[in-house]
Amino acid sequence: MSQTEEFVLRMKGISKEYYGTKVLKGIDLEIRPGEVHGIVGENGAGKSTLMNILFGMTVIHSTGGYQGEIEIAGAKADIKSPFDAMKLGIGMVHQEFMLIPGYTITENIKLNRETTKDNPVSRVFGPKLKTLDMASMGRDARKALDHLEMGIDEWARVAGLPVGHMQFIEIAREIDKSNIKLLVFDEPTAVLAESEADNLLAAVRKLSASGIAILFITHRLHEIMAVCDGITVLRDGSLVAHKRREETTIEELARLMVGRSIGDMIRNPAKSLPDRNALEIRNLRVQMPGEAAKGVDLDVKDGEILGIGGLAGQGKIGIANGILGLYPAEGEVRFHGEPLPLNSTREALKRGLAFLSEDRRGVGLLLDMSVEMNIAATAVEIQGKFLRRFGPFSQIDGKAVRAHALETIKALDIRCTGPLQPVRRLSGGNQQKVCIAKALVLGPRLLFVSEPTRGIDIGAKRLVLETLVDLKERLGMTIVITSSELAELRSVCDRIAIVHDGRIAGILNPDDDDAEFGLMMAGDYGKR
Amino acid sequence: MSHDANPHGTAGTKGAVRRFFTNNLVTLVFLFIGIAGLRVSGLALPFFIVDIVDRVARNGFLVLALIIPVLAGLGLNFAIVLGAMAGQATIIFMTHWGIGGIWGILLCMAISFPIALALGVLTGRLLNKARGKEMITTLILGFFANGIYQLVFLILVGTLIPMKNETLVLSSGVGIRTTIDLTDGLKFGLDDLLRIPLPLFAILCGAAVLGSFPVRSVLRKRALAAREKTPLRDGVLALTGLFLAGWGIKNLVVESMYSFIRVPAGTFLVLGALCLFILFFTRTKLGQDMRTVGQDRHVAEVSGIDTDRIRITAMVMSTVLAAWGQIIFLQNLGTFSTYGSHEQVGMFAIAALLIGGASVAKATIGQAVVGLFLFHTMFIVSPLAGRALFGDAQLGEYFRSFVAYGIIGLSLALHSWKKHMQQKQGAGG
Ligand SMILES: Nc1ncnc2c1ncn2[C@@H]1O[C@H](COP(=O)(O)OP(=O)(O)OP(=O)(O)O)[C@@H](O)[C@H]1O
Ligand SMILES: [Mg+2]
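Note that this is a predicted model, so its numbers are computed, not measured.

Chemist: So what's going on with the overall build of chain A? Which residues, and what values?
Modeler: Along chain A, the regular secondary structure elements total 19 helices and 24 strands. Here the C-alpha atoms of chain A give a radius of gyration of 24 Å, agreeing with the 24 Å that 2.2 N^0.38 yields for 528 residues. When the backbone C-alpha atoms are referred to their principal axes, chain A occupies close to 75 × 55 × 50 Å. The proportion of buried residues among the 528 residues of chain A is 58%. For chain A, contacts bridging at least 24 residues in sequence account for 66% of all contacts bridging at least 6. Counting every atom, chain A has about 21,000 Å² of accessible surface; 50% of that belongs to carbon and sulfur. For chain A, the centre of its 68 positive side-chain charges and the centre of its 71 negative side-chain charges are spaced 4 Å apart.

Encoded structure:
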């Protein structure tokens, strides 16, 4: 008995079938108190499914349950609902946000764990009628946020916050739980900028030092190497390997995940740029909470890939969101010489701009519709693409849609059973790929992409970046990439603009010195 | 982007005014129609006031009872018809036993409680199986329950259920008469508990409205949750309060015909108590759970809330409140049609809420109160306005039944248009 009690969690021979497809095949997993255990695998490998089983999610039980055994602290556990999981001391930060936009940050952090106090009614009718003690809830929320070094107002509403903040709110919620023994993080850093991610990793270390066991899923392998003690590698639903951190390398992990070795990061063949400007931005101010642009001046050359980098909260995300009309903006923007009306998404799309937002969940995948229709929908609506016309009538050209979908599925390696599979049944990373496909199909003259490789595994990441370079080379498309991963920007961009305090601090070449980038991001460039 | 009101709308006063108009579009449209109708109908103001105060007292409880299921995401549903039947059934028995007055009312409420509770549990269970289709499911459920109700009171009474009562039972000895007179019984049981002159009532209302400001600021400081500023709404509210108080004082000092109008203050006290209860309830753990379930059922479930149970609780509460609401409604009316009175209850309450600016997903006390006044204004003036416009009394009556359905249709249409507009402003990509 004492031998098994060493483990907080043991999963033995876990298997799961979704609609006849085996997505997990006999997975074993063990984790000790205070251990940080990484789980890696390609998009669709089954990481989230395994965690959903552990957390008793309804999707699992409404699709026939699972096989195998789960032991918590040495005792066999039968986890049928998230409620059961919580009682056992399991917490989870899900891959999708579990936040209520209409609530304040405090209400979200204390969701279903509200502090209450007695009142005359509750003394008679029971604890369910106790009054919420908002003041003390606020204090708890403040404490959890401070723990993560989040300065944000705990009484702000969640709706409209930048995605990075939302992620930290979810983490703050788990930190605030007192009985937690095992904490699951399903790609918590996917929506974070590097500096934010560092914060998070520090928090993970602190938590594990206090004896909490942590399961950590990420596609950024260097994070795995930074915090994990043990690592489990999954491929296509099978267990490939258990490794200790000391005995492995990033390269080996990548190879184990994909089943083959991955080449180096691609490079953008440098070319002399024309002097024509595709986009001229003057004094752009964007009211995006937490990512405000405060007077951006920037020229984008025709046919280039321009990177926009910078630390989180400095306003790099605000620029594209403002130009595309998702947040209120003021200033002057010219697109190929013509003034672009601000605050109108439709107008921007019509003139040949397209945007892949960093907030993939918000911009409307129709979860119950098929992969192919999701890819085609915006193009049909805005551009009348894929339509066959019969005089005044038009009909969606199913063949064209199908052909295009098949092509994209291959190009971006979207792992699905076919173009007809509902998007809801794809893994998180594969849903992201559908988002990318949706923006690309518009064939825009200028494409804004924010965080193009967010939540995507290293193999697919290469594919996505290659696709972007290819679009530029083949179609002469102008592309503006906003990313918090500097390495990614440096591998594909012609020029990189760094944003600091809501303004452009300067423009660098991809092969400029690391130190230059560092200084510029910190706002110290030229102050030497 | 979020789908509720654009959180980062245009800045400045112009933006605030515009937002006020888009957000209150439905209400403003009907306010305009109501005022226009009042002018066209040529109705004298005192008559109108007597009528409207009476109707608000009568219907208020039923409309307020709908707020809780909306809170829990059950939508605007017709299940209150079931509650209304429970209330009505007990009234029939009460009348049979000859118990009247305030004690009759209290006993009525006590007896209807377990019946409504059972019906609420059943409805809640059913709705848990018909997610997202609440409005239509309950509508059909209402028809079905109506069939059972008719079976009991039209056929079983006098055959299986022995009942000897000449005023209640049809001359054949089987079935309850189609109209039941509550005079000498429950009529005014609650209303007559306390009646005060209209001007005094206006002063009290004005004081309550104005008094709500300091109370709210205290609550807000403690809750800190709702820190959005609503200067326009606050302004309108303050003016209304001042006007009510001022008008009341003027009419109290200078004796006018208004002083002879006596308002059923007891009933309004009950309404006030219900409002306070709802306010209190939304600040409790159970209330918060209901809101969470209503906002996002999946998130609620993942955070460990037993969503099915919460929804059933919400259903039970609204059914019980509806039963009591119907009792209050009928004691004021004094007579009712055995097989008809409950039928329109759901329709009217929903129409009133919608017109006040509530939607399928959100309803507040303020919206219920505004909606009550507006809806019943429409109700009072529409036949008169119809007659004045078309010179035909019969046509006026058609007008009235047309109004209720029209309002539901029109306000649902306006709501979806509003949502569409907000989405167009907000979404994209
Ligand atoms: N609700 C569902 N219904 C049917 N199939 C599903 C469902 N959810 C996931 N799957 C399938 O299960 C497999 C594993 O998905 P899972 O979400 O566990 O992947 P993952 O490893 O978390 O990937 P990612 O890195 O993209 O998040 C995939 O093939 C996916 O299509
Ligand atoms: Mg996943």
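What follows picks up the thread again.
Chemist: Give a description of the layout of surface pockets that names residues and reports values.
Modeler: Over the atoms rolls a probe the size of a water molecule, and its path tells where empty space is left. The computed volume of the second largest pocket comes to approximately 940 Å³. Lining the second largest pocket are 32 residues, with F125 and L129 of chain A together with F277, F281 and M317 of chain B positioned closest to its centre. Where the lining of the second largest pocket is concerned, the elements lending two or more residues are α6 (120-125) of chain A together with α6 (101-129), α10 (265-282), α11 (285-295) and α13 (307-333) of chain B. The biggest single contributor to the lining of the second largest pocket is α13 of chain B, with eight residues. Looking at the lining of the second largest pocket residue by residue, the class counts come to 25 nonpolar, two polar and five charged.

Chemist: Which residues make up the coordination of the magnesium ion (ligand 2), and what values go with them?
Modeler: Residues and elements named next belong to chain A. Those protein atoms acting as donors to the magnesium ion (ligand 2) are S48 (OG) and Q95 (OE1), and they sit at 1.9 to 2.1 Å. On the criterion of sequence distance, the pair formed by S48 in helix α2 (residues 47-54) and Q95 in the loop between β6 (90-93) and α5 (105-109) is long-range, its members being 47 residues apart. Comparing S48 with Q95, the two get one shared label, buried.

Chemist: Let's hear about the domain arrangement of chain A: which residues, and what values?
Modeler: Many descriptions give the size of an interface as the accessible area lost when the pieces come together. Residue and element names in this part refer to chain A. When the domains of chain A are assigned, the result is domain 1 (4-98 + 166-248), domain 2 (100-157) and domain 3 (262-352 + 444-521). One C-alpha centre belongs to domain 1, the other to domain 3, and the line joining them spans 34 Å. On the side of domain 3, twelve residues touch domain 1, which itself brings 14 residues to the contact. Our enumeration of links across domain 1 and domain 3 arrives at one salt bridge. Close ionic contact of R220 with E485 constitutes a salt bridge, the shortest N to O distance being 3.6 Å. Taken together, the connections running from domain 1 to domain 3 amount to one residue pair in polar contact (both at pLDDT 80 or more). Sort the elements by how many residues they give to the side of domain 1 that touches domain 3 and helix α9 (residues 194-209) lands first, with three residues.

Chemist: How would you summarise the site of ligand 1 if you had to cite specific residues and measurements?
Modeler: Residues and elements named next belong to chain A. In the neighbourhood of ligand 1, 20 residues make up the surrounding shell, with S48, T49, R425, S427 and G429 lying closest. With respect to ligand 1, the backbone of A45 contributes an N or O atom lying 3.3 Å from an oxygen atom. For ligand 1, an oxygen atom lies 2.6 Å from a polar atom in the backbone of G429. Notes on ligand 1: free accessible area 630 Å², of which the protein chains cover 89%. Residue classes in the shell around ligand 1 are distributed as five nonpolar, eleven polar and four charged.

Chemist: A description of the nonpolar core should follow, citing residues and the corresponding values.
Modeler: In summary, soluble globular proteins display a tendency toward joint burial of nonpolar side chains. Core analysis: the largest hydrophobic core is formed by 104 residues, its most contacted members being L64, L198 and M290 of chain B. In contact with M290 of chain B, not counting residues within four places along its chain, are I68, L71, A72, F281, I310, T313, A314 and M317 of chain B. Counting 80 residues, the second-largest nonpolar core is a separate cluster that includes I281, I319, I323 and V434 of chain A.

Chemist: I'd love a proper account of the environment of D51 of chain B, names of residues and values included.
Modeler: Summarising the element assignment, D51 of chain B is placed in helix α3 (residues 45-64). Sequence separation between D51 of chain B and H376 of chain B is 325 residues, and the spatial gap between their C-alpha atoms is 8.9 Å.

Chemist: Run through the pattern of salt bridges, naming residues and quoting values.
Modeler: As a working rule, side chains carrying opposite charge can pair if their charged atoms are close by. Residues and elements named next belong to chain A. If you walk through the whole model with that rule in mind, you get 42 salt bridges over all chains. For E30, the salt bridge is made with R10, and the minimal N-O distance between the two is 2.9 Å. With E30 in strand β2 (residues 21-31) and R10 in strand β1 (residues 9-18), this residue pair connects regions lying 20 residues apart in the sequence. Residue class for E30 comes out partly exposed when judged on its relative accessible area of 35%.

Chemist: With reference to specific residues and values, describe the pairing of strand β20 (residues 393-396) of chain A.
Modeler: Examined bridge by bridge, strand β19 (residues 387-390) of chain A and β20 of chain A share four bridges and lie antiparallel to one another. Bridge assignment links R388 of chain A to a residue of β20 of chain A, and that residue is Q395 of chain A.

Chemist: I'd like a rundown of the side chain of T63 of chain A, residues and numbers included.
Modeler: Residue and element names in this part refer to chain A. Locating T63 in the fold gives a position in the loop between α3 (58-61) and β4 (67-72). A distance of 2.8 Å separates a polar atom in the side chain of T63 from a polar atom in the side chain of K16. Polar contacts involving the side chain of T63 include one to the main-chain carbonyl oxygen of I60, which spans 3.1 Å. With residues near it in sequence (within four places) discarded, T63 still touches K16, E17, Y18 and Y19.

Chemist: Hey, could you go over the confidence of the model for chain B for me, with residue numbers and the actual values?
Modeler: All names here are of chain B. For chain B, the mean per-residue pLDDT works out to 81, and 87% of the residues sit at or above 70. Per-element mean pLDDT across chain B ranges from 66 in helix α16 (residues 393-426) up to 92 in α11. Predicted confidence is poor over residues 424-429, with pLDDT under 50, and the contacts of this stretch with residues over four places away or in other chains come to 13 contacts. The complex prediction reports pTM at 0.78, with the ipTM value standing at 0.81.

Chemist: Would you mind going over the packing of helix α8 (residues 163-176) of chain A against α9 of chain A in detail, with residue names and values included?
Modeler: All names here are of chain A. In contact at an axis separation of 12 Å, α8 and α9 are set at 5 degrees when each is read in the N-to-C sense. As far as their axial angle goes, α9 and α8 are roughly parallel. Here G164, H165, F168, I171 and I175 of α8 come into contact with α9, specifically with E196, N199, L200 and L207. Across the contact of α8 with α9, the residue classes break down as five nonpolar, three polar and one charged.

Reading the values: the criteria
Residue indices begin from 1 for each chain and proceed along its sequence in written order. Working convention: letters from A go to chains and numbers from 1 go to ligands, in the order in which they are written. In keeping with the predicted nature of the model, local features appear solely for residues at pLDDT of at least 70, side-chain atom pairs appear and are counted solely at 80 or more, and the whole-chain, interface and lining totals rest on all residues. Side-chain metrics rest on all non-hydrogen atoms present in the structure, leaving aside hydrogens and water. Secondary structure elements follow DSSP: runs of H or I no shorter than four residues count as helices, runs of E no shorter than two count as strands, and numbering proceeds from the N terminus. Throughout, radius of gyration means the C-alpha value; the globule benchmark is 2.2 Å times the number of residues raised to the power 0.38. In this scheme, a residue with accessible area under 20% of its type's maximum is buried, one over 50% is exposed, and one in between is partly exposed, where area comes from a 1.4 Å probe on protein chains only. Contacts were defined at the residue level, with two residues in contact if any of their heavy atoms lie within 4.5 Å. Using the Shrake-Rupley algorithm and a 1.4 Å probe, accessible areas are obtained, with residue cover drawn only from the displayed protein chains. Under the convention used here, Asp and Glu are negative, Lys and Arg are positive, and both His and the chain ends fall outside the count. The location of each charge is read from NZ of Lys, CZ of Arg, CG of Asp or CD of Glu. As defined here, a cavity is a set of points on a 1 Å grid over the protein atoms alone where a 1.4 Å probe fits but cannot get out. A pocket is an open set with protein on both sides within 12 Å along at least five of seven lines, and residues line them when an atom is within 4 Å of a point. Grid points are joined across faces, edges and corners, and a volume is the space filled by probe spheres set on the points. Charged means Asp, Glu, Lys or Arg here, nonpolar means Ala, Val, Leu, Ile, Met, Phe, Trp, Tyr, Cys or Pro, and polar covers whatever is left, Gly included. Each metal's donors are the N, O and S atoms found within 2.8 Å of it, except that Na, K and Ca use a 3.2 Å limit; water is left out, so coordination can look incomplete. Residue ranges labeled as domains rest on an automatic or database domain assignment. Salt bridges are defined by distance alone: a side-chain nitrogen of Lys or Arg within 4 Å of a carboxyl oxygen of Asp or Glu. Counting of polar contacts relies on pairs of N or O atoms within 3.5 Å, with two restrictions inside protein: one atom must be capable of donating a hydrogen and the other of accepting it, and residues adjacent in sequence are counted only when both atoms are side-chain atoms. Note on definitions. A residue lies near a molecule or strand when any single heavy atom of the residue is within 4 Å of it. Put simply, buried Ala, Val, Leu, Ile, Met, Phe, Trp, Tyr and Cys residues joined by side-chain atoms within 4.5 Å make one nonpolar core. A pair of strands counts as paired when DSSP detects no fewer than two bridges linking them. The quantity known as pLDDT measures the predictor's confidence residue by residue, on a range of 0 to 100. Helix axes are fitted to C-alpha atoms over the stretch in contact, other axes to C-alpha atoms as well, and angles between N-to-C directions run from 0 to 180 degrees. Oblique is the label for any angle not under 35 degrees, not over 145, and not in the 65 to 115 range, which are roughly parallel, roughly antiparallel and roughly perpendicular in turn.

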